[in-house]
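Examination of the molecular architecture
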Protein chains: 2
Amino acid sequence: MAQAIAPASIGNSEFDRDTAVSRRGPGVFDATLSEGWTIFDAVNGGYLLALVGRALGEELPHSDPFSITAHYLTASRPGPAEIRTETIRAGRTLSTGQATLVQYDAQGAPVERLRVLASYGDLDALDPEVRTSAKPPVLPPVEQCLGASDAPDGKVVPGSNAITERLLLKLDPATIGWAVGQPSGKGETRAWFGLADGRDPDPLSLLLAVDALPPTAFDLGLMGWMPTVELTVHVRHRPAPGPLRVAVATRNLAHGFLEEDAEVWDSADRLVAQSRQLARVVQPG
Amino acid sequence: MAQAIAPASIGNSEFDRDTAVSRRGPGVFDATLSEGWTIFDAVNGGYLLALVGRALGEELPHSDPFSITAHYLTASRPGPAEIRTETIRAGRTLSTGQATLVQYDAQGAPVERLRVLASYGDLDALDPEVRTSAKPPVLPPVEQCLGASDAPDGKVVPGSNAITERLLLKLDPATIGWAVGQPSGKGETRAWFGLADGRDPDPLSLLLAVDALPPTAFDLGLMGWMPTVELTVHVRHRPAPGPLRVAVATRNLAHGFLEEDAEVWDSADRLVAQSRQLARVVQPG
């Protein structure tokens, strides 16, 4: 008889294990970049941001990211990594810090993968008042949305898709016409988002959620690779348990670059995170 | 007979003189924060970003900001300042750098005012293709818009307003109902933007333009002070000569913070810059 397995929870899940950091000394952490969060054979940028964000939260006096920016410098690889953090300012309600993630090359030289600048606070000390005028995205019920398992060969995009096995991503059919050669031309993607092992969202998994959907450029008919130059996320409230709704849009694809704006809404209809990234358009050869 | 004065131009203007940096050594610049760019008695955040942005452009192999983020740590004061830059990565088409602006206190100790992380490129080497789906803001003709000189006592907001004398800012009347006690409640501000001495826009003045309009919170009826925690600007094209149109909006004022999204459109109808800032809501006492 199979033994009952405790469901995954915040602190005990694939996401927590794969974003774990181990303090080696003041401002220095060890980590292992998992191969489980790759897309297009690249380690997902939101996963990297969450991992570095965890280290910063452990180093700074405040533990929740309020505004966090990453510049992606070189391609990360699954395997050992080192994070070095700097406390820039320790304030009363906000602290600011910087972090770098490096990996070592075959000669043992450190190669910087990303540089992060962020301000942290306490999401449990927020003023309760809400005057949000934005409205949640309209999505079909999750049963009518489509995921990687619905794709012809189980693959949504070319290359390694390991991240799709870690996520419960159910895309609005209106935004994935590109999968059958009929992009809508609007540059929008919407999805229900969760973690495959059932772990509830938290501020760090929001950093993953904003970068986990297929590129909006697909919906413009551009099937190339869109490496992220910079990603900035605002975390505005601790997310309630349950599924998230993520809406991503691009409005300024021009001159070889595009911006992508993402909104993350929790089950209590709060706009819990907003992000913008600048990505480069790399056309298929 | 008055001698003809050469009109201000890029490189020879109030803005250029007040954002000038002087290299003291590798990665170290001196500057003077002008009192001419204050609002609410504070040195304007966009002006500070432009000044630090100029130093980074002189230090990095690439001279144009593509994505630049600042975290504002302590209040800057008019007077001497020092900028220290770090080259993080010198790439082929993009370079990434970090910078800090410090001022010295009465005891001679350095106090950090802002920390900046940015990626730079060459705006003259961009792919010409444009697929922008966003549309320029609709503004009344400039003659029907209102500026500081139209306000009852020449003051748009309380405190020092020196920056309003440096700008040609003409606001859409539909977005300044707050000035007569009738905020629209939409959280939007739109304006024609130029520099008072007639200098044309350039990538650095775009960093000023995104933070130069009255707070969108005024349009929500909140007349408090909104200090910027973090500001991220994407510069997407060198602006054409002539007036800019700036549209700012907030959609997520909640829990004591708000985001403000700004778009800057040039006279050629290009979306030349986009920004988002996270600001704190400080209610009037």
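Residues numbered from 1 in each chain as written. Chains lettered and ligands numbered in written order. Predicted model: local features only at pLDDT ≥ 70, side-chain atom pairs only at ≥ 80, totals over all residues. Heavy atoms only, no water.

1. Observations concerning the overall build of chain A
Put simply, the rule is: Helical segments are the DSSP runs of H or I of at least four residues, strand segments are the runs of E of at least two, and each set is numbered from the N terminus. Using C-alpha atoms as the atom set, the radius of gyration is obtained and then compared with a globule rule of 2.2 Å times the number of residues to the power 0.38. The buried label applies to any residue whose accessible area, calculated with a 1.4 Å probe on protein chains only, is under 20% of its type's maximum; exposed applies above 50%, and partly exposed to all values in between. Every residue pair with non-hydrogen atoms within 4.5 Å of one another is taken to be in contact. In short, Shrake-Rupley with a 1.4 Å probe defines the accessible areas, and a residue's cover is counted only from the protein chains shown. The charge count includes Lys and Arg as positive and Asp and Glu as negative, but it does not include His or the ends of the chains. Taken as the charge centre is NZ of Lys, CZ of Arg, CG of Asp or CD of Glu, depending on the residue.
Within chain A one finds four helices and 16 strands. Rg of the C-alpha trace for chain A: 18 Å, near the compact-globule value of 19 Å for 285 residues, within the 12% margin. Summarising its shape, the C-alpha atoms of chain A cover approximately 55 × 50 × 50 Å along the three principal directions. Across the 285 residues of chain A, 59% fall into the buried class. Within chain A, residue pairs in contact and separated by at least 24 positions form 71% of the contacts whose partners lie at least 6 positions apart. Accessible surface for chain A amounts to roughly 11500 Å². Of this, 53% is attributable to carbon and sulfur atoms. With 25 positive and 35 negative side-chain charges, chain A shows a separation of 4 Å between the mean positions of the two kinds.

2. Some remarks on the relation of the copies chain B and chain A
Note the cut-off: Least squares is used to superpose the copies, and the fit set is the C-alpha atoms of residues whose pLDDT is at least 70 in both copies.
For the pair chain B and chain A, the best superposition has an RMSD of 0.0 Å and corresponds to a rotation of 180° with a translation of 0.0 Å parallel to the axis. The superposition of one copy onto the other is thereby described by a two-fold rotation axis. Of the C-alpha atoms belonging to chain B, the one lying closest to the rotation axis is found on Leu-117 of chain B, 3.5 Å away. The share of interface residues of chain B whose copies in chain A are also at the interface is 100%, consistent with both copies meeting through the same surface.

3. Thoughts on the pairing of strand 5 (residues 64–72) of chain B
Residues and elements named next belong to chain B. The cut-off we apply is this: Strand pairing is defined by DSSP finding a minimum of two bridges between the two strands.
Most of strand 5 sits out of view: nine of its nine residues are buried. Where strand 5 and strand 8 (residues 110–121) come together, eight bridges link them in antiparallel fashion. Bridge pairing in strand 8 links Pro-65 to Tyr-120.

4. Observations concerning the interface of chain B and chain A
To keep things clear, this is the line we draw: The term buried area refers to how much accessible surface (probe radius 1.4 Å) is lost by two components on association, counted for both of them together. Throughout this description, the term salt bridge denotes a Lys or Arg side-chain nitrogen within 4 Å of a carboxyl oxygen of Asp or Glu. When residue character is reported, Ala, Val, Leu, Ile, Met, Phe, Trp, Tyr, Cys and Pro are called nonpolar, Asp, Glu, Lys and Arg charged, and the others, Gly included, polar.
Residue-level contacts link 55 residues of chain B with 55 residues of chain A. Carbon and sulfur atoms supply 51% of the area buried between chain B and chain A, which totals about 4800 Å² over both sides. Summed over the three residues of chain B that lose the most area to chain A, namely Arg-236, Arg-251 and His-255 of chain B, the buried surface amounts to 17% of that side. Residues Glu-86 of chain B and Arg-115 of chain A are paired through a salt bridge, measuring 2.8 Å at the closest nitrogen-oxygen approach. Counting residues per element, the side of chain B that touches chain A draws most heavily on strand 16 (residues 271–280) of chain B, at seven residues. Looking at the side of chain B that touches chain A residue by residue, the classes come out as 20 nonpolar, 19 polar and 16 charged. Bridge count between strand 14 (residues 252–254) of chain A and strand 9 (residues 130–132) of chain B: three bridges; the pairing is antiparallel. Looking at the pairing, Leu-253 of chain A lines up with Arg-131 of chain B of strand 9 of chain B.

5. Notes on the domain arrangement of chain A
All names here are of chain A. Stated precisely, the cut-off is as follows: Domain boundaries shown here were taken from an automatic or database domain assignment.
What the domain assignment lists for chain A is domain 1 (14–123) and domain 2 (142–280). The gap between the C-alpha centroids of domain 1 and domain 2 is 21 Å. On the side of domain 2, 35 residues touch domain 1, which itself brings 28 residues to the contact. Counting each side, the surface lost to burial between domain 1 and domain 2 is near 2700 Å², with a carbon and sulfur contribution of 60%. Along the contact surface separating domain 1 from domain 2 lie three salt bridges.

6. Concerning the pattern of salt bridges
All names here are of chain A. This structure, assessed with the given rule, holds 38 salt bridges over all chains. Measuring nitrogen to oxygen at the nearest pair gives 2.7 Å for the salt bridge that ties Arg-276 to Asp-261. One end of the pair, Arg-276, is in strand 16 (residues 271–280); the other, Asp-261, is in strand 15 (residues 257–265), with 15 residues separating them in the sequence. You'll find Arg-276 and Asp-261 in the same group, each marked buried. Each member of the salt-bridge network shares a partner with another, and the members are Asp-16, Arg-54, Arg-199 and Asp-202.

7. Observations concerning the packing of aromatic side chains
Let me state the cut-off plainly: Each Phe, Tyr or Trp ring (for Trp, its six-membered ring) is paired with any other whose centre lies within 6.5 Å, and the angle between the two planes then decides the class: stacked below 30 degrees, edge-to-face above 60, tilted in between.
Counted under the stated rule, the structure contains eight aromatic pairs over all chains. A ring pair is formed by Phe-257 of chain A and Phe-66 of chain B, whose centres lie 5.4 Å apart and whose planes are at 80°; its orientation type is edge-to-face. Of this pair, Phe-257 of chain A sits in strand 15 while Phe-66 of chain B sits in strand 5, on two different chains. This pair shows no difference in class: Phe-257 of chain A is buried, exactly as Phe-66 of chain B is. Put simply, the rings of Phe-15, Trp-37 and Tyr-47 of chain A touch in pairs and so form one group of aromatic residues.

8. Some details on the UniProt feature "domain: Acyl-CoA thioesterase-like N-terminal HotDog" (unreviewed entry) in chain A
In plain terms, the rule: UniProt positions are given in the numbering used here, feature names are shortened, and annotations may be inferred rather than shown by experiment.
Those places that UniProt annotates as "domain: Acyl-CoA thioesterase-like N-terminal HotDog" (unreviewed entry) correspond, in this numbering, to residues 34–120 of chain A. Helix makes up 17% of residues 34–120 of chain A and strand 53%, with an end-to-end C-alpha separation of 25 Å.

9. Notes on the nonpolar core
Rules: Only buried residues count toward a nonpolar core. Its members are Ala, Val, Leu, Ile, Met, Phe, Trp, Tyr and Cys residues joined through side-chain atoms within 4.5 Å.
Within the largest apolar cluster, 64 residues are counted, with the highest numbers of intra-cluster contacts made by Ile-83 and Val-116 of chain B. Of the residues forming this core, the biggest block, eight residues, is contributed by helix 2 (residues 45–59) of chain B. Ignoring anything within four residues of it in the chain, the contact list for Val-116 of chain B reads Leu-117 of chain A together with Leu-49, Val-52, Leu-56, Ile-68, Thr-69, Ala-70, Gly-97, Gln-98 and Ala-99 of chain B. Listed in part, the 62 residues of the second largest apolar core include Ala-31, Leu-33, Ile-68 and Ala-212 of chain A.

10. A look at unusual backbone geometry
One non-glycine residue, His-255 of chain A, lies in the positive phi region at around 55°. Looking at where His-255 of chain A falls in the secondary structure, it is placed in the loop between strand 14 and strand 15. Of note in this structure, Asp-269 of chain B is not a glycine but carries a positive phi near 60°. Within the secondary structure layout, Asp-269 of chain B lies in the loop between strand 15 (257–265) and strand 16.

11. Focus: the side chain of Ser-67 of chain B
We apply this condition: We call two N or O atoms a polar contact when they sit within 3.5 Å, provided that within protein one can donate a hydrogen and the other can accept it, with sequence-adjacent residues counted only if both atoms are side-chain atoms.
If you trace the backbone, Ser-67 of chain B turns up in strand 5. Classification of Ser-67 of chain B by relative accessible area gives buried; the value is 0%. Here Glu-230 of chain A takes part through its side chain, which lies 2.7 Å from a polar atom of the side chain of Ser-67 of chain B. Once residues within four sequence positions are removed from consideration, Ser-67 of chain B is found in contact with His-71, Glu-230 and Leu-278 of chain A together with Leu-117, Ala-118, Ser-119, Thr-232, Val-233 and His-234 of chain B.

12. Some details on helix 2 (residues 45–59) of chain A
Each turn of an α-helix holds 3.6 residues, which means side chains three or four residues apart point in the same direction. All names here are of chain A. Under the convention used in this document: Any helix carries an expected span of 1.5 Å times its number of residues minus one.
Over its 15 residues, helix 2 extends 21 Å from the first C-alpha to the last, a length consistent with the 21 Å expected when each residue adds 1.5 Å. Buried residues dominate helix 2, accounting for 13 of its 15 residues. Between the side-chain oxygen of the N-cap and the backbone nitrogen of Gly-46 there are 2.9 Å, and the N-cap of helix 2 in question is Asn-44.

13. So, the environment of Ala-42 of chain B
Inspection of the secondary structure puts Ala-42 of chain B in strand 4 (residues 42–43). In sequence terms Ala-42 of chain B and Arg-199 of chain B are 157 residues apart; their C-alpha atoms lie 24 Å from each other.

14. Some details on the environment of Asn-252 of chain B
If you trace the backbone, Asn-252 of chain B turns up in strand 14 (residues 252–254). C-alpha separation for the pair Asn-252 of chain B and Arg-84 of chain B, spaced 168 residues apart in sequence, amounts to 34 Å.

15. Quick look at the side chain of Asp-219 of chain A
Residue and element names in this part refer to chain A. Examined against the element boundaries, Asp-219 turns out to sit in the loop between helix 4 (203–209) and strand 12 (228–235). Although Asp-219 is buried, it forms no salt bridge, and the closest oppositely charged side chain is Arg-190 at an N-O distance of 7.2 Å. Once you skip the residues sitting within four places of it in the chain, Asp-219 turns out to touch Thr-175, Trp-178, Pro-183, Ser-184, Gly-185, Lys-186, Gly-187 and Glu-188.

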